[in-house]
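# Notes for the structure review
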Amino acid sequence: MRTLAVKFTLAFLAVGISGALLVAAISGLRTRQEFARFVTERRGNPLLADLILGHYTKNNSWNGFGEWIDNEPLLDVVRRRIVLVDHDQTVVYSPLPEYRGINTAEQDLGGGIPIEKDGVRVGTVYDVNRFAAGERFPRPSPESFFLRNVNQATGLAALIAGLLALALGILLSRALTRPLRELTSATEEMSAGKLGGQVNVYSQDEIGKLASSFNHMSSELAQASRLRKQMTADIAHDLRTPLTVLRGYTEGLRDGSIQGREDLYELLHQEVAHLQRLVEDLRTLSLADAGELPLQRRAVDPKALLERAGLAHVVLAKQKNVDLSVNAPEMLPSVVVDLERMTQVLNNLVTNALRFTSEGQIILSATAHSSFVTLQVADTGIGIAGDELHHIFDRFYRVDRSRSRDGLAQSGLGLAIAKAIVEAHDGTIQAESTPGKGSRFSIQLPKQAN
Ligand code: ADP
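Residues numbered from 1 in each chain as written. Predicted model: local features only at pLDDT ≥ 70, side-chain atom pairs only at ≥ 80, totals over all residues. Heavy atoms only, no water.

### Considerations on the site of the ligand
Taken together, 21 residues surround the ligand, and among them Asn-352, Arg-355, Gln-410, Gly-412 and Leu-415 come closest. In the environment of the ligand, an oxygen atom lies 2.6 Å from a nitrogen or oxygen atom belonging to the side chain of Arg-355. In the complex, 98% of the free accessible area of the ligand, which totals 550 Å², lies under the protein chains. Where the shell around the ligand is concerned, the elements lending two or more residues are helix 8 (339–355), helix 10 (414–424) and strand 11 (438–446). When residues in the shell around the ligand are grouped by element, the largest group, four residues, is from helix 8. Considered class by class, the residues forming the shell around the ligand number nine nonpolar, eight polar and four charged. (Near = heavy atom within 4 Å. Polar contact = N/O pair within 3.5 Å; in protein donor to acceptor, adjacent residues only side chain to side chain. Areas by Shrake-Rupley, 256 points an atom, 1.4 Å probe, with all protein chains shown as cover. Helix = DSSP H or I, 4+ residues; strand = E, 2+ residues; numbered from the N terminus. Nonpolar A, V, L, I, M, F, W, Y, C, P; charged D, E, K, R; others polar.)

Below, the structure is given as structure tokens:
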């Protein structure tokens with residue numbers, strides 16, 4: 001896996017190496033060229049100086065130098081390139097006639113090829129191009145010329161390398177920051193209320209991980225928002241039915257169109273009890289959500305827990321011809337739980353099992369593991385289909401709204417509350433089921449520390 005740190009290091013390395021290679025290549029090439037020229041000039045100078053000195057020696061002056069150089073075949077090429085000044089720095093010869101006779105003593109000409117007779121400088125030869133270009137020094141010495149050109153080449157190479165680094169830097173940083181820009185606009189959309197937006201994951205590095213986490217968070221938020229809306233609608237729906245019933249009957253009783261009877265009062269009582277249970281369930285859930293579910297925890301024997309839940313349902317089980325049994329070893333490690341809350345969970349599981357099992361078996365069992373104890377409620381009832389199994393712990397989820405117990409509407413909160421209570425005990429709860437064969441709910445609770 002390539003991390004961002006590695007990518008940055010490689011990018012800097014690529015920029016650095018390409019810059020260095022470019023500088024090395026350009027300045028190396030120019031240095032080779034300049035060195036070749038330097039060597040030629042160095043070798044050529046004595047010959048040129050000797051020839052010019054030969055003329056001077058012959059005449060003992062620079063008189064007739066112009067005619068001589070014009071007719072000297074050895075200086076065919078050079079003649080159009082040189083300026084000759086005498087010991088006074090007065091221009092004796094130049095291919096450009098306007099320079100002839102000019103005195104350059106005031107100027108710092110520097111360099112040039114000295115023409116010396118018996119150790120005394122009688123003249124100097126300069127390059128005409130430099131001279132004509134108006135430079136104060138027509139021709140630097142070959143050494144300084146060489147150095148200047150090499151320096152120029154190095155400067156140029158550094159400039160090109162800098163530009164290349166800039167271009168590479170822009171390209172690389174754009175590529176590296178692209179996912180960040182996408183993330184920024186996605187978070188802006190999210191803060192504007194559009195939940196669920198996803199970004200592309202381009203890599204497995206830190207930014208790729210950030211993008212994946214963002215996508216996960218975004219879909220979780222969208223899901224949470226959907227659930228919240230759904231829950232509000234479900235609460236409103238669940239409150240409306242009993243309230244409508246209550247209102248209808250109480251209005252009838254008030255205006256005398258209905259006579260009070262025992263079965264009517266029983267019905268009204270059931271509706272009020274249902275409302276109360278619903279409000280209590282919602283309160284339990286909101287306390288659990290806030291992590292504030294009050295728990296009176298103490299060490300409890302898991303077998304006793306199961307027996308307590310079994311006993312509460314044994315009569316109903318008999319009536320339904322269901323065999324309800326508890327199957328747990330004697331010496332089980334204790335679990336530290338709120339007895340009432342955990343009984344509520346088990347009661348809910350056993351009630352559900354009884355609801356969906358007729359003439360079968362319900363087994364409550366407990367087993368010990370290294371660090372936890374598993375409590376199970378298994379039935380041989382109708383079971384739950386695979387796609388529904390994922391949702392049964394969701395709030396207000398009812399597999400089939402028509403499956404209602406004893407004609408009373410079920411809220412679909414029972415398992416959601418069971419899960420919230422188990423999790424408040426640092427435990428987990430899962431369900432397995434085979435449609436037509438039965439279901440098994442398992443609760444894992446941490447065992448009491450010694
Ligand atoms: P409720 O509070 O309405 O009983 P629950 O949250 O307890 O709802 O259960 C959710 C759904 O899971 C129910 O609608 C029910 O159909 C299904 N279910 C729960 N336990 C069982 C079981 N043992 N066998 C078959 N279906 C079950």
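### Quick notes on the nonpolar core
Residues Leu-305, Leu-375 and Ile-443 are the most contacted members of the largest nonpolar core, which totals 48 residues. Of the residues forming this core, the biggest block, eight residues, is contributed by helix 8. (Core = buried A, V, L, I, M, F, W, Y, C linked by side-chain atoms within 4.5 Å. Buried < 20%, exposed > 50% of the residue type's maximum accessible area, 1.4 Å probe, protein only.)

### A look at the sheet that holds strand 6 (residues 323–327)
Two strands in a sheet stick together by hydrogen bonds in their backbones, pointing the same way (parallel) or opposite ways (antiparallel). Spatially, five strands are ordered 6-8-9-11-10 in an open sheet, and the strand pairing comes out mixed. Of all the strands in the sheet, the pair left with one neighbour each is strand 6 and strand 10 (428–434). Between one strand axis and the next, the sheet turns by 15° as a mean value, whatever way the strands run. In this sheet, strand 9 (residues 372–379) lies alongside strand 8 (residues 361–368) in antiparallel orientation, the contact comprising seven bridges. Counterpart to Ser-365 in the pairing with strand 9 is Gln-376. The strands touched by helix 8 within the sheet are strand 6, strand 8, strand 9, strand 10 and strand 11, with strand 9 carrying the most contacts at an inclination of about 25°. (Pairing = 2+ DSSP bridges. Axes fitted to C-alpha atoms, helices over the stretch in contact; angles between N-to-C directions. Contact = heavy atoms within 4.5 Å.)

### Thoughts on unusual backbone geometry
Notably, Gln-89 is not glycine yet its phi reads approximately 75°, a positive angle. Its location among the elements puts Gln-89 in the loop between strand 1 (82–86) and strand 2 (91–93). Given a relative accessible area of 18%, Gln-89 falls into the buried group. Although it is not a glycine, Asn-321 sits at a positive phi angle of roughly 65°. When you line up the elements, Asn-321 lands in the loop between helix 7 (302–319) and strand 6.

### Notes on a nonpolar patch on the surface
Taken together, the side chains of Leu-156, Leu-159, Ile-160, Leu-163, Leu-166 and Ile-170 make up a nonpolar region of the molecular surface, amounting to roughly 560 Å² of accessible area. Positionally, Leu-156 belongs in helix 4 (residues 142–191). (Patch = residues over 30% accessible without salt bridge, like charges linked within 9 Å, V, L, I, M, F, W, Y side chains within 5 Å. Salt bridge = Lys/Arg side-chain N within 4 Å of Asp/Glu carboxyl O.)

### Thoughts on the confidence of the model for the protein chain
Looking at the protein chain as a whole, its pLDDT mean stands at 86, while 91% of the residues score no less than 70. Per-residue pLDDT stays below 50 along residues 403–408; that stretch engages in eight contacts with residues further than four places along the chain or on separate chains. (pLDDT = per-residue confidence, 0-100.)

### Section: the packing of aromatic side chains
Within the structure shown, the criterion is met by six aromatic pairs. Taking 6.4 Å as the distance between ring centres and 20° as the angle between the ring planes, the aromatic pair formed by Phe-8 and Phe-12 counts as stacked. Of the two residues, Phe-8 and Phe-12 both sit in helix 1 (residues 4–59), four residues apart, roughly one turn of that helix. Between Phe-393 and Phe-441, the aromatic rings sit 6.3 Å apart at their centres with planes inclined by 80°, giving edge-to-face as the arrangement. (Phe/Tyr/Trp six-rings, centres within 6.5 Å; stacked < 30°, edge-to-face > 60°.)

### Concerning the side chain of Ser-61
Relative to the helices and strands, Ser-61 is located in the loop between helix 1 and helix 2 (65–71). Of note is the side chain of Ser-61, whose polar atom sits 3.1 Å from the backbone nitrogen of Asn-63. Residues within four places of Ser-61 in sequence aside, it is in contact with His-55 and Tyr-56.

### Side note on the pairing of strand 1
A large share of strand 1 lies buried, amounting to five of its five residues. What you see with strand 1 is no split at all: Ile-82, Leu-84 and Asp-86 on one side and Val-83 and Val-85 on the other are buried throughout. With five bridges joining them, strand 1 and strand 4 (residues 120–127) adopt antiparallel strand pairing. Counted as the bridge partner of Ile-82 is Asp-127 from strand 4. By the bridge criterion, two bridges tie strand 1 to strand 2 in an arrangement that is antiparallel. Within strand 2, the position partnered with Leu-84 by the bridge is Tyr-93.

### A few points about the pattern of salt bridges
For the coordinates displayed, the defined rule picks out twelve salt bridges. A salt bridge links Arg-261 to Asp-263; the nearest nitrogen and oxygen atoms lie 3.1 Å apart. When the shortest N-O distance is used, the salt bridge between Arg-297 and Asp-426 registers 4.0 Å. Of this pair, Arg-297 sits in strand 5 (residues 297–300) while Asp-426 sits in the loop between helix 10 and strand 10, placing them 129 residues apart in sequence. Since its relative accessible area comes to 36%, Arg-297 is described here as partly exposed.

### Some points on the sheet that holds strand 1
Sheet architecture is open: four strands sit in the order 2-1-4-3, paired in antiparallel fashion. Strands at the two margins of the open sheet, each flanked by one partner only, are strand 2 and strand 3 (113–117). Between one strand axis and the next, the sheet turns by 35° as a mean value, whatever way the strands run. As paired strands, strand 3 and strand 4 are joined by five bridges and run antiparallel to one another. Its bridge partner lying in strand 4, Pro-114 is registered against Thr-124.

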